[in-house]
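Coordinate inspection notes
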Amino acid sequence: VMTALVSFERVFELLDLQPMVIDSPNAKDLISDKPEIRFTEVSFSYPKAEDISLASLETIAKPELIPSGEVLKSISFNVTPGTLTGIVGPSGAGKSTISSLIARLYDVTAGGIFINNVDIRNYTIKSLRKAIGVVTQDSHMFHDSILVNLKYAKSDATAMEIEAACKSARIWDFIQSLPNGLDTVVGERGHRLSGGEKQRLAIARLLLKQPSLVILDEATAHLDSENEAMVQAALKEALVGRTSIVIAHRLSTIAHADQILVIDNGEIVEQGKHEQLVEKRGLYFDLFERQNLQGELI
């Protein structure tokens, strides 16, 4: 009983922990079909363990030996409404951190992120995240049916809306071929689906949500050529008319973007369209040459 009480105390201590990101007192809802995004001199360092740890763990936790350091260093860029911005760079350069900051999973250390000229810290977190749709390289699926996983994005979605989203995501024919159709259980984290099937289901879920801002974080990173082609076709439809940020390892994913940001060591080292960046013969050109030799960019 005493052991259980100690565990309950730790659970309640965690539940009572004040979130680091909260609504400002006068926060308003974000309402926009085509948001404009602006990063202004944004710097960011991840919080240290002592800043976020539970009080009961502080006496047994080991101190951090490595400082967190700046992940992003005074970066500035604009994303025009309805356009696609690609972000590329080496691993650990800070690409995924940018997407986390837009959704306010963390707040910036310095500078500001603005949507329609309003600092995102002045929007309610609920409305901000409602406007954002995200597909990552490992999209989460619940151990439930395909239908439940889809309706997580829109609980009141109609049968026609679900079918339309699945057709746009190039996953409807596959669902129809299953003995239990939409009632098929996908397994824990979607382990009963292939990588391509899981990604297309995640895209269908995104289409059901109808977000005004789409963020793709390495959405095709681990797919073979056949599955990548199907996912790319689904993504092309998902991005139409939406403000989009695509973080990519494969340059073929963002070669036709309206602008491409090349991130290295937390800084924007190059910016422009694909053809302009190739002509500069900088870091982007190095990535281009490496992938072109491997046949990844066509």
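As a reminder, the structure under discussion sits directly above these lines.
In this report, we go over the structure that sits alongside the text. (Residues numbered from 1 in each chain as written. Predicted model: local features only at pLDDT ≥ 70, side-chain atom pairs only at ≥ 80, totals over all residues. Heavy atoms only, no water.)

**Quick notes on the environment of Glu 270**
In this fold, Glu 270 is placed in strand S10 (residues 267-272). Note: C-alpha distance between Glu 270 and Val 88 (182 residues apart in sequence) is 10.0 Å. Not counting residues up to four positions away in its chain, the partners in contact with Glu 270 are Ile 260, Leu 261, Val 262, Leu 277, Gly 282, Leu 283 and Tyr 284. In terms of polar contacts, Glu 270 uses its side chain to reach the backbone amide nitrogen of Tyr 284, at 3.1 Å. (Helix = DSSP H or I, 4+ residues; strand = E, 2+ residues; numbered from the N terminus. Contact = heavy atoms within 4.5 Å. Polar contact = N/O pair within 3.5 Å; in protein donor to acceptor, adjacent residues only side chain to side chain.)

**With respect to the packing of aromatic side chains**
Scanning the model with the defined rule gives 6 aromatic pairs in all. Look at Phe 285 and Phe 288: their rings are 6.4 Å apart centre to centre, the planes differ by 35°, and that puts the pair in the tilted class. Taken together, the positions of Phe 285 and Phe 288, both in helix H11 (residues 283-293) and 3 residues apart, correspond to about one turn of that helix. Classification of Phe 288 as buried rests on a relative accessible area of 16%. An aromatic cluster of three or more residues is present, and its members are Phe 44, Tyr 46 and Tyr 106. Residue placement shows Arg 38 over the ring face of Phe 114; its charged tip is 4.4 Å from the ring centre. (Phe/Tyr/Trp six-rings, centres within 6.5 Å; stacked < 30°, edge-to-face > 60°. Buried < 20%, exposed > 50% of the residue type's maximum accessible area, 1.4 Å probe, protein only. Lys NZ or Arg CZ within 6 Å of the ring centre and 35° of its normal.)

**Looking at the nonpolar core**
Counting residues in each nonpolar core, the largest one holds 45 residues, and the members touching the most others are Ile 203, Ile 254 and Tyr 284. Looking at this core, the element that brings in the most residues is helix H8 (residues 195-209), giving 7 residues. Ranked by size, the runner-up nonpolar core spans 31 residues in total, among them Phe 44, Ile 75, Leu 213 and Ile 215. (Core = buried A, V, L, I, M, F, W, Y, C linked by side-chain atoms within 4.5 Å.)

**Section: the side chain of Glu 270**
For the buried Glu 270, no salt bridge is present, and the opposite-charge side chain at shortest range is Lys 280, 6.3 Å distant. Polar contacts involving the side chain of Glu 270 include one to the main-chain amide nitrogen of Leu 283, which spans 2.9 Å. (Lys, Arg positive; Asp, Glu negative; His and termini not counted. Salt bridge = Lys/Arg side-chain N within 4 Å of Asp/Glu carboxyl O.)

**A word on the sheet that holds S10**
The strand order across the open sheet built from 6 strands is S6-S7-S8-S3-S9-S10, with neighbouring strands paired in mixed fashion. What marks the edges here is a single partner per strand, and that holds for strand S6 (132-136) and S10. Taking the axes of each pair of neighbouring strands and ignoring which way they run, one obtains an average angle of 15° across the sheet. In this structure, S6 lies alongside strand S7 (residues 213-217), joined through 5 bridges in parallel fashion. From the neighbouring strand, Gly 133 faces S7, where its bridge partner is Val 214. Strand contacts of helix H3 (residues 95-102): strand S3 (84-88), S6, S7, strand S8 (243-247) and strand S9 (259-264), with the helix running at about 150° to S7, the strand carrying the most contacts. (Pairing = 2+ DSSP bridges. Axes fitted to C-alpha atoms, helices over the stretch in contact; angles between N-to-C directions.)

On their own, these measurements won't tell you what the molecule is for.
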